[in-house]
Structures are given as structure tokens and as C-alpha cells.
Amino acid sequence: MKFKYIYQQFFSHISIIVVAFLILSLLFAHYVENLVYENKAEELISYGKAILSDIDQSPVSTEQIINQYSSVLMTRKMSFSMFDKDGNLYSVGKHGPAIKLSSSEWNKITKGQTIIVKSDFKRFGQEGVTFVVLPYLDQKRFVGGILLTSLISGSSEMIHQINQFLLYTIFIAFAVSFFLSWLLSRIHVNRIKRLREATSLVSAGNYHVNVHSSNFDEIGELANDFNHMVDKINASMEEIESLENRRRQFMADVSHEMRTPLTTISGVIEGLKNDMIPEEDKERGINLVSQEAKRLIRLVNENLDYDKIRSNQIQLFREDIQLLEVFEIIQEQLSILAEEKNDQIFVDVAPDVFVNADYDRLIQILINITKNSIQFTSDGTIRLRGRKQENETIIEVEDTGIGIDPNDVENIWHRFYKADISRTSNPYGEFGLGLSIVKQLVLLHNGEIDVFSEEGKGTKFIIRFFQ
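It should be emphasised that the depicted structure is a prediction, and the values quoted were computed from it without experimental measurement. (Residues numbered from 1 in each chain as written. Predicted model: local features only at pLDDT ≥ 70, side-chain atom pairs only at ≥ 80, totals over all residues. Heavy atoms only, no water.)

**Brief notes about the environment of L222**
Okay, so step 1: Summarising the element assignment, L222 is placed in helix 5 (residues 218-273).
Okay, so step 2: Taking the C-alpha atoms as reference, L222 lies 9.6 Å from I192; in sequence the two are 30 residues apart. (Helix = DSSP H or I, 4+ residues; strand = E, 2+ residues; numbered from the N terminus.)

If you want it as C-alpha cells, here you go:
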């Protein structure tokens, strides 16, 4: 069963308002009724005390006092009667009631307590009265009392009018509440509806949707999060499209690059098999097959390394490593490659500089970066520097090569990216995976890597390993 959200909102608002109004109305009506009766009882008590006080001060004028108060009270629809200690009437105002008290009430009055009954419909032969009984004490000795009654018709009429006014007020409040509840429900539902429509557009492939957002409430924050999500999806889709383009280029490069060594390997093997290669050239042919096979292995290993790193399958074994030792290993391993480009590799690091890292992966990082520097540097220098700062170790690899175009600096970390077509002829990192692997390995060490380059003047890689 479908129950629209707008009706859920509307009925939840109205139900709360209705319950609140009913409770408040009942409490208010009860409070008003008690207040009216209490005021009437207090008025009767004040008259009773006044009568007893006047009689006590002027006993000889008792009859005159009773007649005066009878006239005053009659205009207010009140009457009174006086009785002795045995309950017998000895003085009655105009239309004064007979004494009709229960045994418990009589016990209270004889003990000097005032009796208050807010409404009574059975005694005194009238529609209903509010009555009070005050004891008359002579030196703390009970000698009688006074009974005062007032018809409740006036009080009931007042209460009825107040309740009627309250009822009209409730109806008006309900009408306003219905309108406001419907309006607010529509506003909230429309905001959610816009989000739903935007979500439908995103699911249909439109990643340029934007909804109005704010920090006013949770719906506004949800809209804000939705916009951030769409922006990230849009950026991801652009990245996916870029990766797809690079993948196509990569497949073309792989096809081209693999065709050449495979053709060479196949040709040499066929020549050896059919005895078509002279004896003096066989060793050179075998070396050529070995080089081309190693080239293919490097291609496969680079792809496997990158996928393992991206899927967090690489386990690091970190230790404190002397940077001078590592730099000297890099210098020695790449010295032949540097000599081919007429480059020189210099090491600048103090013996007491250590870095906490995985030894094999640190070597891999520096080999990749240094090879990259050698690749784009001819008749120049490559400097390996290291220094210790507070809570971090900094490694710099700087060359005097051709530099990188400013538009390409941020792209060199992307998989399959090649800043220069000449990379395809380079035997190291020729498919644009080397720097991608470097970036991921540094991040696995919770480190940072930056590159600064100026075209025609060289490039500097700065790696920070935090302790």
C-alpha cells in the first residue's frame, strides 16, 4: 500500500496539533471551572466573616445587620442562615436555606473548620449551589455557625461562555494549523521531490545535475552532499573517459611494442632453427633474443606491480635505512645507463641520514625516478640529495634535462600517460607506468611526492617520508 510522504507529513503534524489542543483545552476548561468556583467560594467566605464580625461587635443590632446583608446578598443571588451549636436555626436571611449537613461535615464545623462545597445539586432544593459553612467561635468554643449559598447558574453560564469561546478559538486554530501543515508539508516534499528527480537524471546518465542546497536543515545538507556526489561522479567519469582514451593508446602502443620484439625473437629463432644465421652472428642473435624477452618481461611486471599496488596487495616491511648506502647503490646500478647519455650522477647526503621505509620498494622508487631523469637528460647531471628535518626525511632527485611542459606536470602520475612520444623508444618505463607506480608506493609509505619542472632547465622530484 502506497502512502505518499506529503500525507504522512500532513497527518503527523495534524495529529500532534489535535492531541495538543485537546489536552490544552481540557486542562484550560478544568482550570477555568475551578477558578470560577474558587472565586465564588472565597466571596461567600468573605461575606460570612464580615457578618460574623459585625454581629460579634454589635450583638444588639443582630437583626438589623442580618437584614442589611440579606438585601445585599440577594442582589448577588446569595443567601445565608445562622445556626446554634445544636444545628438549630436561630436567624435566617431572606430566603435563607435550611441547615442540611452530613455527619462528617458537622464534625468538621464543630472542630472549627470551614466547609467549602463548590457545587451541590441535591441539597437546599435548588438547581445547584456553591455553599460554605463557617464556624462561630466564642473564645475558641463552638457556639454555632453561618451557612452561605450561591446559585451556580451564573457561574455555569460564565463557564459555558468561556468554553464556547474556547471552542471557537480551537476551530480557528485548527483551520490555520491545517493550512500551515499542508503548506509546510508541500514545501518539504517538493524539496525531496527535486532531489528524487535529480537522482533519476543521474541514474539516467546526466552527471551535470545540480540542486539548490543550504545549511539550514538536514534536507539542505543532503542536497549539498548530493551536489558533491554528482561533482565527484562527473570528475570520475571524466577520469574514466581519460583513462579509456589512454587505454586505447596503451593498447596501440603495446601492440606496436610487442610486435617488434616478438618479430625479432621469432625471426632469430627461425634463423637459428633453419641454420640461416652465420656461426659468428649466432651469439649476437641469442643476446638480441634475451634482450627482447627481458623487455617483454618488464612490460608485464610493470603492469602487475601497478595492479598489486592499487589493490593493496603489497606488504611493506619498514626499517631504518641509511640513505647514503641506497644512493650509492642507485649510482652504481645506473652508471652505465648514465654514461650512454653522457650524464653524471652525484650523491649529496650525510652518513647519519636514515629513512624508515621498505628497502626493496625504496630502491624501486628511486630507480624509476632516476631512470626517468636520465631518459630526459643528455650531457647533464643528476643529483641525489637527502636530508633530515623534524619528523620527516626529504629525498630530492634533480636533473638538468629538458624539463616537462607545465601542462603535463600533473599528468605524469597517470597510468599510461606519456609526456613525450620519445618514451616509446626507451627501454625503461616505456609504457608510462613507472611514475604511476612511484606515486602509489610513496602513498603506501604515508609519504608525499611533488615535482617541480621548468622547460629547458630541468626537473626536481621531492619525496617526503614522515616518521
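**Here's the deal with the confidence of the model for the protein chain**
Okay, so step 1: Of the residues in the protein chain, 83% have a pLDDT of 70 or more, and the chain-wide mean is 79.
Okay, so step 2: Counted against residues more than four places away or in other chains, residues 419-432, with its pLDDT under 50, gives 33 contacts. (pLDDT = per-residue confidence, 0-100. Contact = heavy atoms within 4.5 Å.)

**Some words on the nonpolar core**
Okay, so step 1: Core analysis: the biggest nonpolar cluster contains 39 residues, and L362, L366, F461 and I463 have the highest contact counts within it.
Okay, so step 2: No other element matches the 7 residues that helix 9 (residues 359-375) contributes to this core.
Okay, so step 3: Setting aside its immediate chain neighbours within four residues, F461 contacts I369, N372, I395, E396, V397, I412, W413, L435, I449, D450 and V451.
Okay, so step 4: In this structure, L44, I55, Y69 and I146 belong to the second largest nonpolar core, which totals 19 residues. (Core = buried A, V, L, I, M, F, W, Y, C linked by side-chain atoms within 4.5 Å. Buried < 20%, exposed > 50% of the residue type's maximum accessible area, 1.4 Å probe, protein only.)

**Here we look at a nonpolar patch on the surface**
Okay, so step 1: Together, I172, V176, F179, L180, L183, L184 and I187 line one region of the surface with nonpolar side chains, adding up to about 650 Å² of accessible area.
Okay, so step 2: As for its placement among the helices and strands, F179 is situated in helix 4 (residues 153-203). (Patch = residues over 30% accessible without salt bridge, like charges linked within 9 Å, V, L, I, M, F, W, Y side chains within 5 Å. Areas by Shrake-Rupley, 256 points an atom, 1.4 Å probe, with all protein chains shown as cover. Salt bridge = Lys/Arg side-chain N within 4 Å of Asp/Glu carboxyl O.)

**A short note on the side chain of E396**
Okay, so step 1: Among the secondary structure elements, E396 is positioned in strand 10 (residues 392-399).
Okay, so step 2: Within the structure, E396 has its side chain in polar contact with the side chain of R387 (distance 2.8 Å).
Okay, so step 3: Excluding residues within four positions of it along the chain, E396 makes contact with R383, L384, R385, R387, K460, F461 and I462. (Polar contact = N/O pair within 3.5 Å; in protein donor to acceptor, adjacent residues only side chain to side chain.)

**Digging into unusual backbone geometry**
Okay, so step 1: In this model, N342 sits at a positive phi of 60°, which is unusual for a non-glycine residue.
Okay, so step 2: Examined against the element boundaries, N342 turns out to sit in the loop between helix 8 (335-340) and strand 7 (344-349).
Okay, so step 3: Of note, the phi angle at N446 is positive, near 60°, even though the residue is not glycine.
Okay, so step 4: Among the structural elements, N446 can be located in the loop between helix 10 (434-444) and strand 11 (448-454).

**Examining the pairing of strand 5 (residues 142-151)**
Okay, so step 1: Among the 10 residues in strand 5, 8 count as buried, and that is most of the element.
Okay, so step 2: Pairing analysis gives 7 bridges linking strand 1 (residues 78-84) to strand 5, with the strands arranged antiparallel. The residue of strand 5 that forms the bridge with S81 is L147.
Okay, so step 3: Direction of pairing for strand 4 (residues 129-137) relative to strand 5: antiparallel, over a ladder of 9 bridges. (Pairing = 2+ DSSP bridges.)

**What about the packing of helix 7 (residues 323-333) against helix 9?**
Okay, so step 1: Direction vectors running N to C along helix 7 and helix 9 enclose 50°, while the axes themselves pass 10 Å from each other. With respect to each other, helix 7 and helix 9 are oriented oblique. The chirality of how helix 7 crosses helix 9 is right-handed. Residues E325, V326, F327, I329, I330 and Q333 of helix 7 form the contact with helix 9, whose participating residues are Y359, L362, I363, L366, I367 and T370.
Okay, so step 2: Along the lines of polarity and charge, the residues of the contact of helix 7 with helix 9 split into 9 nonpolar, 2 polar and 1 charged. (Axes fitted to C-alpha atoms, helices over the stretch in contact; angles between N-to-C directions. Parallel < 35°, antiparallel > 145°, perpendicular 65-115°, else oblique. Left-handed = near helix turned anticlockwise from the far one by under 90°. Nonpolar A, V, L, I, M, F, W, Y, C, P; charged D, E, K, R; others polar.)

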